[in-house]
Amino acid sequence: FICKQGVDLAFALPPSRSEQVGGITIGSEQRPVGLNVSGLLWNGGEARARSLGLRVDYRTLMRTLVERLLEEGAPRVLLVPHVLARPGNEESDQQAAEELLAGVDGTHRNRIDVARGTYTASEAKALIGGCSWFAGSRMHATIAGLSTGVPTTGLAYSLKFRGVFESAGVPDCSLDLRALETDEVLEQSLAQWRRRERTREALEEPRRRLRSEA
């Protein structure tokens with residue numbers, strides 16, 4: 001057998017230069033914390049969790065993560081849908097983001113933004129690249145963060161995440177939702193947000209190499 005290691009082409013995708021995407025202005029002085037909420041995991045319920053082997057309550061995890069980030073000093077949270085399916089489709093990240101927003105405590109809601117409407121992959125990458133830290137459950141959303149030098153945490157539901165994060169030099173930033181409990185993922189995510197500047201430094205050389213190899 002001949003084995004070859006490749007690099008996902010998403011590493012080489014250039015971010016859009018648009019100043020506004022999905023109703024969000026890119027490049028503000030206070031860079032938001034970015035989160036991608038997967039419609040696949042949000043809408044699946046217990047049956048989906050069992051089929052994927054998840055140990056977390058995904059809805060509780062994401063709502064609590066948003067609230068804790070804001071309590072701990074994040075100026076704003078930006079929810080970035082990555083799968084733009086039609087309303088009612090269980091894969092829709094947009095619907096999941098809107099439902100998360102609706103369920104957040106009212107004292108925090110005015111500091112949460114959602115990218116709405118349709119946009120291209122390059123525009124999504126620009127949104128994510130404008131964040132101070134990013135966490136997501138869609139692998140290509142996390143690649144958008146890693147490849148733009150944004151400290152990124154993968155909320156992983158499959159083995160493929162670990163290989164991506166290992167190649168980017170930050171294997172510990174992939175948190176396996178099949179191996180960790182809800183509280184463990186929450187606390188580890190917050191710990192990674194607190195040490196985001198160290199992760200940013202660790203990403204510099206690997207991301208340049210990956211972009212050149214993609």
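Right, let's walk through the structure included here. The model shown is predicted, which means the values in this text are computed figures rather than measured ones. (Residues numbered from 1 in each chain as written. Predicted model: local features only at pLDDT ≥ 70, side-chain atom pairs only at ≥ 80, totals over all residues. Heavy atoms only, no water.)

Turning next to helix 6 (residues 121-129). For helix 6, a buried count of seven out of nine residues is recorded, marking the element as mostly surrounded by other parts of the structure. Looking at the buried positions of helix 6, the neighbouring elements they touch are strand 1 (20-21), strand 2 (24-25), strand 4 (77-79), strand 6 (133-136) and helix 7 (139-147). (Buried < 20%, exposed > 50% of the residue type's maximum accessible area, 1.4 Å probe, protein only. Helix = DSSP H or I, 4+ residues; strand = E, 2+ residues; numbered from the N terminus. Contact = heavy atoms within 4.5 Å.)

Attention now moves to the nonpolar core. Side chains of nonpolar character tend, in soluble globular proteins, to be buried together. Among the nonpolar cores identified, the biggest contains 51 residues, and L35, V66, L69, L79 and L177 are the most heavily contacted of them. Per-element accounting of this core gives the leading share, seven residues, to helix 3 (residues 58-71). Residues contacting L69, with those up to four places away along its chain left out, are V33, L35, A74, W133, L190 and W193. Counting residues in hydrophobic clusters, the runner-up holds 14 residues, among them L127, C131, A141 and V150. (Core = buried A, V, L, I, M, F, W, Y, C linked by side-chain atoms within 4.5 Å.)

Relative orientation of the contacting elements helix 3 and helix 9 (residues 182-194) amounts to 35°, with a least axis distance of 10 Å. Where helix 3 crosses over helix 9, the two elements pack in a sense that is right-handed. Here helix 3 contributes L61, T64, L65, R68 and L69 to the contact with helix 9, which in turn contributes T182, V185, L186, E187, S189, L190, W193 and R194. (Axes fitted to C-alpha atoms, helices over the stretch in contact; angles between N-to-C directions. Left-handed = near helix turned anticlockwise from the far one by under 90°.)

In this section: the pairing of strand 6. Side chains of strand 6 alternate between two faces, with W133 and A135 and F134 and G136 buried alike. In this structure, strand 3 (residues 33-36) lies alongside strand 6, joined through four bridges in parallel fashion. In the sheet register, L35 faces strand 6, and the bridge partner there is A135. Both strand 6 and strand 7 (residues 152-156) contribute to a ladder of three bridges, which runs parallel. Bridge pairing links A135 to T153 in strand 7. Viewed along the sheet, the connection from strand 6 through helix 7 into strand 7 turns out right-handed. (Pairing = 2+ DSSP bridges. Right-handed = clockwise from strand over helix to strand, strands pointing away.)

Next up on the list: helix 4 (residues 93-103). Side chains three or four residues apart in an α-helix point the same way, a direct result of the helix having 3.6 residues per turn. Turning to helix 4, its buried residues number three or more, namely D93, Q94, A96, A97, L100 and L101. What you see down the axis of helix 4 is that its buried residues fit within an arc of 160°, all on one side. Those residues of helix 4 that are buried are in contact with strand 3, helix 1 (39-43), helix 3, strand 4, helix 5 (106-109) and strand 5 (112-114). Measuring from the backbone nitrogen of Q94 back to the side-chain oxygen at the start of helix 4 gives 3.4 Å, which picks out S92 as the cap. (Arc of directions from axis to C-beta. Polar contact = N/O pair within 3.5 Å; in protein donor to acceptor, adjacent residues only side chain to side chain.)

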